[in-house]
Amino acid sequence: MLNSLRRRLQPMGRPFRLLIVSDALILLSLMVGQVAVPWWLVHEGGAHDLALWAGALALGSLLALPLMSPLGDRVSKRTLISAGVALSLAKGLALAALVQAGRYHIGMVIALELVGVVAMAALMPAIFSIVAELLPAEQLNEGLALQKSAQALGRLLGPVLGGGMLALGGSALALWGHVVLLALAFALALRIETAAAALGVANAAHWWRDLRAGLAAKWHLRLERGWTFVSFCVMVFFSPAIGMLVPLKVQALGLSGAWLGACEAGLSAGMLVGSLGYSTWLAERVGRFRASVGSILLEGVCVALMGHVRSPLVLVGLLGVVGLCIATVSLVGQTHRMLAIPPHYRSRMTSVNMMVFQVAGVIGPALAGWGLGSLSVDAVYGWFGLGLFTVGLGYFAVPGFRAFLSLSHDEASGHYGRTHPELFH
């Protein structure tokens, strides 16, 4: 598998290879933290603090993403990535020191994590859109697939590493490992070279104008408006199912933190398999639209089943299937979407997508927390699976969605700019 990745990366150029390795390390470190912090919260503060933490971070992202989004189209993406990793590193150091000292206070934890939210708001849109600057259009599809593979590899190894560290030294050791990985990612991010671009000046007037232009373009495109709305509804049910409910399910089964790492690894393994070729094969076999919508409906079935399983191996397997579906939905639509958006709008429109998902991330944990007040975690999983399947059917009603996904990559390139030039000044 690693040899295959190396052969595919060779013709892509040094800047892209540095990005891929740095990206994998960032995801690796984030997944270690994602195992360590919720496990610490579950045992120190319980389900209430876990739901409060998840909701606060989602709300913080909701505010940070639109505020930071115009920067990606006016400031060097390498600068944004490096600064975001550096800020995450500072947050990680403070949080690791807090855990090491044995001081638990949910307000302090949330405050530190919100620093990381601001870092991610600058970092993630730049990471997703910089590939289009590093590669020509004919290599973009392969480049995005390789980026997904590297991210999935980081997601796969991160929970395993985090679970092992939890077993050996608890949350403190896992968070110190998180810090070391971020330091390595920062060193690599500083070396990424991009072509010089006319980015303009990032002042307040430009920021407000760019923010309004990105939101207006997103709203006036009927395809984007409908696509984003249905995706928002999907994420309300999906994000808690693979996030805050997983450690609670592991705890309800009486399992150790290592099994939480195994669950996250199962999800990541599915994403890796999907990004290495399964998603492309499926899209070619049944069509992009059927592959995308079918994967979302299958996610709903798997989430509902997760509430009924008692075997940890079956739970890990279901999360693996969910990971396959995530990779398929992402790769089938993301390449077309990125090609369709004019280059000078990619960062801010990507940020709008992420902002909408974060709104869902506020509502989803709140809904799950409300449900947990009177229902078991198994029952909440069942209802969330049913909700996910139901709202996933909404993609059939998105105007132009099926036709857009049927376009070739050449036809998708610049599609939004050609069909609605008035929106992309």
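Residues numbered from 1 in each chain as written. Predicted model: local features only at pLDDT ≥ 70, side-chain atom pairs only at ≥ 80, totals over all residues. Heavy atoms only, no water.

### Looking at the overall build of the chain
The secondary structure content of the chain amounts to 17 helices and zero strands. The buried share of the chain, reckoned over its 425 residues, is 56%. For the chain, the share of sequence-separated contacts (at least 6 apart) that also reach a separation of at least 24 residues comes to 87%. Accessible area of the chain: about 16900 Å², with a carbon and sulfur share of 68%. (Helix = DSSP H or I, 4+ residues; strand = E, 2+ residues; numbered from the N terminus. Buried < 20%, exposed > 50% of the residue type's maximum accessible area, 1.4 Å probe, protein only. Contact = heavy atoms within 4.5 Å. Areas by Shrake-Rupley, 256 points an atom, 1.4 Å probe, with all protein chains shown as cover.)

### Here we look at the pattern of salt bridges
Going through the model one piece at a time under the given rule, you end up with three salt bridges. Between Arg310 and Asp378 there is a salt bridge, with the nearest N and O atoms lying 2.8 Å from each other. Here Arg310 is found in the loop between helix 11 (288-306) and helix 12 (312-340), whereas its partner Asp378 is found in helix 14 (residues 377-392), with 68 residues between them in sequence. A relative accessible area of 53% means that Arg310 is categorised as exposed. Overall, the relative accessible area of 17% leaves Asp378 in the buried class. When salt bridges that share partners are traced, they join Lys249, Arg310 and Asp378 into one network. (Salt bridge = Lys/Arg side-chain N within 4 Å of Asp/Glu carboxyl O.)

### Some thoughts on helix 9 (residues 245-252)
Counting buried positions along helix 9 yields six of eight residues, so the element is predominantly enclosed. Buried within helix 9 are the following residues: Leu245, Val246, Pro247, Leu248, Lys249 and Val250. Gly254 sits one or two residues past helix 9 and shows a positive phi near 75°.

### Remarks on the packing of helix 9 against helix 14
For the pair helix 9 and helix 14, interaxial distance at closest approach is 10 Å and the crossing angle is 140°. Our classification of the angle between helix 9 and helix 14 gives oblique. Read as a crossing pair, helix 9 and helix 14 show a hand that is left-handed. Between helix 9 and helix 14, the residues in contact are Leu245, Val246, Leu248, Lys249 and Ala252 and Val377, Asp378, Val380 and Tyr381, respectively. When grouped by side-chain class, the residues that make up the contact of helix 9 with helix 14 number seven nonpolar, no polar and two charged. (Axes fitted to C-alpha atoms, helices over the stretch in contact; angles between N-to-C directions. Parallel < 35°, antiparallel > 145°, perpendicular 65-115°, else oblique. Left-handed = near helix turned anticlockwise from the far one by under 90°. Nonpolar A, V, L, I, M, F, W, Y, C, P; charged D, E, K, R; others polar.)

### Some points on a nonpolar patch on the surface
Together, Leu298, Val301, Leu305, Phe389, Leu393 and Phe396 line one region of the surface with nonpolar side chains, adding up to about 500 Å² of accessible area. No other element matches the three residues that helix 11 contributes to the nonpolar patch. Structurally, Phe396 is set in the loop between helix 14 and helix 15 (401-405). (Patch = residues over 30% accessible without salt bridge, like charges linked within 9 Å, V, L, I, M, F, W, Y side chains within 5 Å.)

### What about the packing of aromatic side chains?
If you walk through the whole model with that rule in mind, you get nine aromatic pairs. Ring centres of Phe237 and Phe384 lie 5.6 Å apart, and the angle between their planes is 80°; this geometry places the pair in the edge-to-face category. In this pair, Phe237 is assigned in helix 8 (residues 222-242) and Phe384 in helix 14, connecting sequence segments 147 residues apart. We classify Phe384 as buried; its relative accessible area is 5%. By way of ring pairs, the aromatic residues Trp227, Phe289, Tyr395, Phe396, Phe401, Phe404 and Tyr416 are connected into one cluster. (Phe/Tyr/Trp six-rings, centres within 6.5 Å; stacked < 30°, edge-to-face > 60°.)

### Observations regarding the environment of Lys77
Residue placement: Lys77 occurs in helix 4 (residues 77-100). C-alpha separation for the pair Lys77 and Ile127, spaced 50 residues apart in sequence, amounts to 7.6 Å.

### Observations concerning the confidence of the model for the chain
Per-residue confidence for the chain averages 81 on the pLDDT scale, and 88% of its residues sit at or above 70. Scored below 50 in pLDDT, residues 196-204 makes 10 contacts in the model with residues more than four places away or belonging to other chains. (pLDDT = per-residue confidence, 0-100.)

### Overview of the side chain of Lys249
Residue position: Lys249 is located in helix 9. Among the polar contacts listed, one links the side chain of Lys249 to the backbone oxygen of Val309, at a separation of 3.1 Å. (Polar contact = N/O pair within 3.5 Å; in protein donor to acceptor, adjacent residues only side chain to side chain.)

### Observations concerning the side chain of Asp23
With respect to the helices, strands and loops of the structure, Asp23 is situated in helix 2 (residues 14-44). A relative accessible area of 1% means that Asp23 is categorised as buried. What Asp23 contacts, discounting residues up to four positions off in sequence, is Ile127, Gln147 and Gln151.

### Re the nonpolar core
Within the largest apolar cluster, 137 residues are counted, with the highest numbers of intra-cluster contacts made by Phe16, Trp53, Ile81, Tyr395, Phe401 and Tyr416. In terms of residue count, the dominant contributor to this core is helix 6 (residues 137-189) (18 residues). Beyond its immediate stretch of four places on either side in the chain, Tyr416 contacts Leu221, Leu223, Glu224, Trp227, Arg337, Ala340, Ile341, Pro342, Phe404, Pro421 and Phe424. (Core = buried A, V, L, I, M, F, W, Y, C linked by side-chain atoms within 4.5 Å.)

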